[in-house]
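Residue-level structure breakdown
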Amino acid sequence: MANLREILASNLKENRRKCGITQSKLAEKAEISTQYIAMIELSRQFPTPEVLERIALALGIEAYQLFSVPASIESSMEKLQKEIIREIRDVITEMLENDHPGRQKKTETDE
């Protein structure tokens, strides 16, 4: 599971690329150094709330969006949930198809 710094780094890079701006341009717009942007994107630094606000403003997003679960992780979680549901369904189907205590087997006269 990704930690908070990794989520921030991933979202910062993704949003910066969506805006089509370089680290240098983002740094200029947010009034911080290019090196600091690079360190955040490498998960080596964690900005203050004030700096997060300036970065978000420069990217045209809300600050909380820098901490949203990345789409790739969300997609993986959805796939995992579907797989688990499919496996549960398979187990239940198998149980219903096999004789087991508490279930009456259907006979020709029942139909």
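Procedures and definitions
- Residues numbered from 1 in each chain as written.
- Predicted model: local features only at pLDDT ≥ 70, side-chain atom pairs only at ≥ 80, totals over all residues.
- Heavy atoms only, no water.
- Helix = DSSP H or I, 4+ residues; strand = E, 2+ residues; numbered from the N terminus.
- Buried < 20%, exposed > 50% of the residue type's maximum accessible area, 1.4 Å probe, protein only.
- Areas by Shrake-Rupley, 256 points an atom, 1.4 Å probe, with all protein chains shown as cover.
- Core = buried A, V, L, I, M, F, W, Y, C linked by side-chain atoms within 4.5 Å.
- Contact = heavy atoms within 4.5 Å.
- Arc of directions from axis to C-beta.
- Patch = residues over 30% accessible without salt bridge, like charges linked within 9 Å, V, L, I, M, F, W, Y side chains within 5 Å.
- Salt bridge = Lys/Arg side-chain N within 4 Å of Asp/Glu carboxyl O.

Counting its secondary structure elements, the protein contains five helices and zero strands. When the helices and strands of the protein are placed in sequence order, the string is α-α-α-α-α. Here the protein, with 111 residues, has 23% of them falling under the buried criterion. Taken as a whole, the protein presents about 8,300 Å² of accessible surface, with 52% of it coming from carbon and sulfur.

With 18 residues, the main nonpolar core has Leu12, Leu26, Ile32, Ile37, Ile55, Leu59 and Leu66 as its most contacted residues. Within the residue set of this core, elements represented by two or more residues are α1 (4-19), α2 (23-30), α3 (34-41) and α4 (49-59). The residues contacting leucine 12, other than those within four sequence positions of it, are Leu26, Ile37, Ile40, Glu41, Ile55, Leu59 and Leu66.

A word on α2. Every buried residue of α2 is accounted for by Leu26, Ala27 and Ala30. Buried residues in α2, looked at end-on, bunch into an arc of 100 degrees, giving them a common side. In this fold, the buried residues of α2 make contact with α1, α3 and α4.

Next up on the list: a nonpolar patch on the surface. A surface patch of nonpolar side chains, about 450 Å² in accessible area, is lined by Leu80, Ile84, Ile88, Ile92 and Leu96. In this structure, isoleucine 84 sits in helix α5 (residues 71-97). Look at isoleucine 84 and you get partly exposed, because its relative accessible area is 42%.

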